[in-house]
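Now for the letters of each chain:
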Amino acid sequence: MSSNIYEGSVPVSVLKDTDVYRHTIAVLVDNEAGVLARVVGLFSGRGYNIESLTVSVVDEDAQLSRINLVTSGTRQIVEQIKAQLGRLVPVHTIKDLTDEGPSVGRELALVKVDGTGEVRVEALRIGDIFRCNVVDSAPDSFVFEVVGTSEKIDAFIGLMKPLGLVEVSRTGVAAIARGAGGMVDDALPKPKATPKRKKATKKVAKKASPKRKSAAKKAPTSSKKKR
Amino acid sequence: MPRDTIDGRQMLGARIILKALEEQGVEVVFGYPGGAVLPIYDEIFKQNRIRHILVRHEQGAVHAAEGYARSTGKVGVVLVTSGPGATNAVTGLTDALMDSIPVVCLTGQVPTHLIGNDAFQEADTIGITRPCTKHNYLVKDPNDLAKTIHEAFYVARSGRPGPVVVDLPKDVVMEKGAYATAPRGIKRQQHKTYRPAHTPDPASINAVVDLMVNAERPLFYTGGGVINAGPGASKTLTDLVKDTGFPITSTLMGLGAYPASGPKWLGMVGMHGTYESNMAMHGCDVMINIGARFDDRVTGNLKYFSPGSKKIHVDIDQSSINKNVIVDIPVVGDAGVALKAIFKAWKARTTRPKAKAMKAWWADIERWKAKDCLSYTQTGSVIKPQYAIQRLFELTKKRDTFITTEVGQHQMWAAQFCRFDKPNHWLTSGGLGTMGYGLPAAIGAQIGNPKGLVVDVAGEASILMNIQELSTAVQYRLPVKVFIINNQYMGMVRQWQELLHGGRYAESYTDSLPDFVKLAEAYGMTGLRVQDPAKVDDTIKEMMAIDGPVIVDVCVDQKENCYPMIPSGAAHNHMLLGPEDEGEQKITGAGMALV
């Protein structure tokens, strides 16, 4: 990935912030063997956190994969992670969805709950509140399919615990920026070299945390649309 | 044959490999044959454009390629077999990664249908070398061979240079495929995804010069990035230092970029750097870091690192910036291009730092210099290691001398006492600290510079780690000189045991050392020994007069320690200048945990 931005716009005071933030980062990479290992190896080798990671081919001719990762660290670490990802040869584009404007993130979970009688009815009732689909039903169990933000899924799983929760399978977060315009593949020839990135780095200075909170609050309302 | 006529032509995989290397301008390959690479060796046998240097261990091949690359500015090339051939190369690859040396390493691999079957001499080379290379490739189709090799060279030399592995299954090498010529002209630099920044943002250059013209206590702190940017970058740096009148210090890797005989030179910075440069690092108000990476050997304790300075960091690798030290002005780009831009912007300005402030700053520096931190006394009948190295430097400085080192006390003394006036003449393992680097690196440097005088300043422990390469030196009549500073201890280990572990010298004394003179003779080279300080000069002259490889066994003071030193966990302004300081500053607590 080419990166020739003057990063003086990330102020020292922001980089020196020792608070830990959660960031969702989208990475476009060549769809070839070993790319995921490079990314994961980078995180483990340098001791960065991975809270969630999803990968899938995203273009028609299967040349490009998108990795969505959720990581947490201080601003300095998060900037390091992005710079380190940028050094990997098969990486096309990196986008910090947390920094670069509002975004939506969704996860799908399959949640198995065993039980009969009153607890079974209660589980079904809560499933309904969370707009779950029941994808498997047996006389003494349900498998719920729940879609939403990680927080929503955490909440659902929390509620299922006393109601006979036996197994959880989660996909990890898929995330995308809100509003018009897609993620640009930096490997493609650019129509015009506009210094667009500068604006994005200025936003960094304003700090992302309040924005993130509001994004999280908004999240559950739009979950049904996605289904 | 014109290049275009071979584009698309069908040929054997092994032939494609040789053709691609040729097209990349490769003159020498350092390697060791084995089952998986036999077809490639067969092609090497059939041609005479590319010279193959047979090493005695694959680690030696990579270090030799590193020595060749650092001393010539070209990409070093290595060819090793599968399994143990590849795993033996890992230390060298890691070394090249840490020190940003461009190396392309071709590794043999078992045939594609056997990959994953635990075949004979199979190793997951791609998996093993992923974290110790800049990038690596497994070629599964002979039609991809040429393109992949061209790309490997591009990745190895572009941006921050580094090692690249190309893994070559035997069946791919034995089948026929279409050749592809290397991209030329502007396409040469147009990789699909890997396009590292080259030209820095003008806004950042302006910000740099803003700080420079208003500085009161400025300091240049340069590193290997200046050397990697080519001799032009060193020239610009020298001009810029002259024009600004700012003092300059350098990391271990950057020695020679600014001439040590220059008037603004403060000596090396860091753990065993000079007192004046470390004090200047601590006390400066504007630090201009060009192509160095705030390594922990340089910064010491980050908490106390240069507390009062605005920091500028020029680096071609964005991930080096704000990694260890948060800087005020980051500049992403090639050191040479950035230096030129800074020089131009500096000349365009009319404001200059206040003369009075600069005078006071230089007065501080002169005061620190007056401590004469590298002083030692050569008395009595025992050779001081510093004396031996200083005499080596004085007697060889008129020749085109390349100094390589192993790792330890002798390495630090060589860095302190060999005063380099040119880049690319100092080859040492900085980042990884690989014992056994020096001899093979000297071999590589000698191959690349047949007329140069190449001296490996070694320790008696380090040299044993790749001693087998003496055989390589003899085979190719390479007149490398191995100058062993022999104190019978792993000196740096012993020094740390003395400072940190109550002088309990666990396993740092080497018993049963070989007789190095006899060893030299056994390999078919000349061995010399010197024990008398009065005979050091004559021995060095004798060594230089011999037209062939020589080992000089310099028997030195066993107890000498390397000073000055910033103890672990301390700040730059708390250096130990000599053994008499040790008592005052006991290293305790967190400092002990640092390496």
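Keep in mind the model is a prediction, meaning the values are calculated, not measured.

Student: Just to check I follow, could you spell out the overall build of chain B for this structure?
Tutor: Summing up its helical and strand segments, chain B has 24 helices and 20 strands in all. For a compact globule of 595 residues, the expected C-alpha radius of gyration is about 25 Å, and chain B comes in at 25 Å, within 12% of that figure. Its C-alpha atoms give chain B principal-axis dimensions of about 70 × 60 × 45 Å. Here chain B holds 595 residues, and 63% of them are scored as buried. Restricting the contact set of chain B to residue pairs at least 6 apart, pairs at least 24 apart contribute 76%. Roughly 22,400 Å² of accessible area belongs to chain B as shown, and the carbon and sulfur atoms make up 53% of that amount. For chain B, the distance from the average position of its 62 positive side-chain charges to the average position of its 60 negative side-chain charges is 7 Å.

Student: Got a minute to help me understand the interface of chain B and chain A in this structure?
Tutor: The extent of an interface is frequently quoted as the accessible surface area lost upon association of the parts. Counting residues at the interface gives 31 residues for chain B, matched by 26 residues for chain A. When chain B packs against chain A, the two sides together hide about 2,500 Å² of surface, and 51% of this comes from carbon and sulfur. Taken together, chain B and chain A are joined by two salt bridges. As a salt-bridge pair, Arg87(A) and Asp317(B) come within 2.6 Å of each other at their nearest N and O atoms. Remark: the boundary between chain B and chain A carries nine residue pairs in polar contact (both at pLDDT 80 or more). Looking at the side of chain B that touches chain A, the elements that each hand over two or more residues are strand E6 (135-138), helix H7 (145-157), helix H9 (202-213) and strand E14 (329-332) of chain B.

Student: Explain the pattern of salt bridges here, please?
Tutor: A side chain with one charge may pair with a side chain of the opposite charge, provided their charged atoms come close. Residue and element names in this part refer to chain A. Using the criterion set out here, one finds 34 salt bridges over all chains in the structure. The salt bridge involving Glu-122 is made with Arg-125; its shortest N-O contact spans 2.7 Å. Here Arg-125 and Glu-122 lie together in helix H4 (residues 118-129), a separation of three residues that amounts to about one turn. A relative accessible area of 44% means that Arg-125 is categorised as partly exposed. One salt-bridge network, in which partners are shared between bridges, spans Arg-75, Glu-79, Lys-82, Asp-96 and Asp-99.

Student: Looking at this structure, I do not really get the side chain of Thr472(B). What am I missing?
Tutor: Residues and elements named next belong to chain B. Mapped onto the elements, Thr-472 comes out in helix H19 (residues 470-475). A relative accessible area of 0% means that Thr-472 is categorised as buried. When residues no more than four places from it in sequence are discounted, the contact partners of Thr-472 are Ile-53, Leu-54, Val-55, Arg-56 and Ile-443.

Student: What's the story with the sheet that holds strand E17 (residues 453-459) of chain B in this structure? I'm lost.
Tutor: In any sheet, the strands associate via hydrogen bonds between backbone groups, in a parallel or an antiparallel arrangement. Residue and element names in this part refer to chain B. The sheet built from six strands is open, its strands ordered E16-E15-E17-E18-E20-E19 with parallel pairing. The two strands at the open ends of the sheet, each matched to only one other strand, are strand E16 (426-427) and strand E19 (526-530). Two strands pair when backbone bridges link them, and E19 and strand E20 (residues 550-555) are joined in this way by five bridges, in the parallel orientation. Residue pairing across strands places Val-530 opposite Val-554, the latter belonging to E20. The sheet strands contacting helix H18 (residues 438-448) are strand E15 (401-405), E16, E17 and strand E18 (481-486), and the helix crosses E17 at an angle near 175°. Most of the contacts of helix H21 (residues 516-523) go to E19, to which it runs at about 170°, and overall it touches E18, E19 and E20.

Student: How should I be thinking about the nonpolar core in this particular structure?
Tutor: Note on soluble globular proteins: their nonpolar side chains tend to be buried together. In terms of nonpolar packing, the biggest core is built from 107 residues, with Met212(B), Phe220(B), Phe483(B) and Met543(B) touching the most fellow members. In terms of nonpolar packing, the next biggest core, distinct from the first, is built from 45 residues, Ala69(B), Ile101(B), Ile467(B) and Ala520(B) among them.

Student: Help me understand the domain arrangement of chain A, please; the structure alone is not making it clear to me.
Tutor: All names here are of chain A. Taken domain by domain, chain A consists of domain 1 (12-96) and domain 2 (103-176). Domain 1 and domain 2 are separated by 29 Å when their C-alpha centres are compared. Taken together, the contact between domain 1 and domain 2 spans eight residues of the former and seven residues of the latter. By the criterion of area lost to domain 2, the three top residues of domain 1 are Thr-54, Arg-66 and Asn-68, representing 53% of everything that side buries. Between Glu-151 and Arg-22 there is a salt bridge, and its shortest N-O distance comes to 3.8 Å. On the surface where domain 1 and domain 2 come into contact, there are three residue pairs in polar contact (both at pLDDT 80 or more). Looking at the side of domain 1 that touches domain 2, the elements that each hand over two or more residues are strand E1 (21-30), strand E2 (52-57) and strand E3 (64-73).

Student: What should I look at first to understand a nonpolar patch on the surface in this one?
Tutor: Taken together, Leu36(A), Val40(A), Ile50(A) and Val55(A) make up a surface patch of nonpolar side chains, about 270 Å² in accessible area. As for its position among the elements, Val55(A) is in strand E2.

Student: What am I meant to see in the packing of aromatic side chains here?
Tutor: Aromatic rings in a pair are described by how distant their centres are and how their planes are angled relative to each other. Residue and element names in this part refer to chain A. What the rule picks out here adds up to 16 aromatic pairs over all chains. Summarising the aromatic geometry, the rings of Phe-130 and Phe-156 are spaced 5.2 Å apart at their centres and angled 55° between planes, so their arrangement reads as tilted. You can see Phe-130 sitting in the loop between H4 and strand E6 (133-138) and its partner Phe-156 sitting in helix H5 (residues 150-160), a full 26 residues away along the chain. Judged by its relative accessible area of 14%, Phe-130 is buried.

Student: I'm lost on the sheet that holds E3(A) in this one. Help?
Tutor: Residues and elements named next belong to chain A. Pairing within the open sheet is antiparallel, and its four strands lie in the order E2-E3-E1-E4. The open sheet is flanked by E2 and strand E4 (91-96), the only strands paired with a single partner. Averaged over neighbouring strand pairs, the angle between their axes works out to 15° when direction is ignored. Pairing analysis gives five bridges linking E1 to E4, with the strands arranged antiparallel. Its bridge partner lying in E4, Val-27 is registered against Ile-94.

Student: Sorry, what's going on with the environment of Asp136(A) here?
Tutor: All names here are of chain A. Relative to the assigned elements, Asp-136 resides in strand E6. The partly exposed category is assigned to Asp-136, whose relative accessible area is 37%. The spacing of Asp-136 and Ile-50 is 86 residues in sequence and 31 Å in space, taken between C-alpha atoms. Not counting the four nearest positions on each side in its chain, Asp-136 is found in contact with Ser-141, Phe-142 and Val-143.

Rules used in this analysis
- Residues numbered from 1 in each chain as written.
- Chains lettered and ligands numbered in written order.
- Predicted model: local features only at pLDDT ≥ 70, side-chain atom pairs only at ≥ 80, totals over all residues.
- Heavy atoms only, no water.
- Helix = DSSP H or I, 4+ residues; strand = E, 2+ residues; numbered from the N terminus.
- Rg over C-alpha atoms; globule rule 2.2 N^0.38 Å.
- Buried < 20%, exposed > 50% of the residue type's maximum accessible area, 1.4 Å probe, protein only.
- Contact = heavy atoms within 4.5 Å.
- Areas by Shrake-Rupley, 256 points an atom, 1.4 Å probe, with all protein chains shown as cover.
- Lys, Arg positive; Asp, Glu negative; His and termini not counted.
- Charge placed at Lys NZ, Arg CZ, Asp CG, Glu CD.
- Buried area = accessible area lost by both parts, 1.4 Å probe.
- Salt bridge = Lys/Arg side-chain N within 4 Å of Asp/Glu carboxyl O.
- Polar contact = N/O pair within 3.5 Å; in protein donor to acceptor, adjacent residues only side chain to side chain.
- Pairing = 2+ DSSP bridges.
- Axes fitted to C-alpha atoms, helices over the stretch in contact; angles between N-to-C directions.
- Core = buried A, V, L, I, M, F, W, Y, C linked by side-chain atoms within 4.5 Å.
- Domains from an automatic or database assignment.
- Patch = residues over 30% accessible without salt bridge, like charges linked within 9 Å, V, L, I, M, F, W, Y side chains within 5 Å.
- Phe/Tyr/Trp six-rings, centres within 6.5 Å; stacked < 30°, edge-to-face > 60°.

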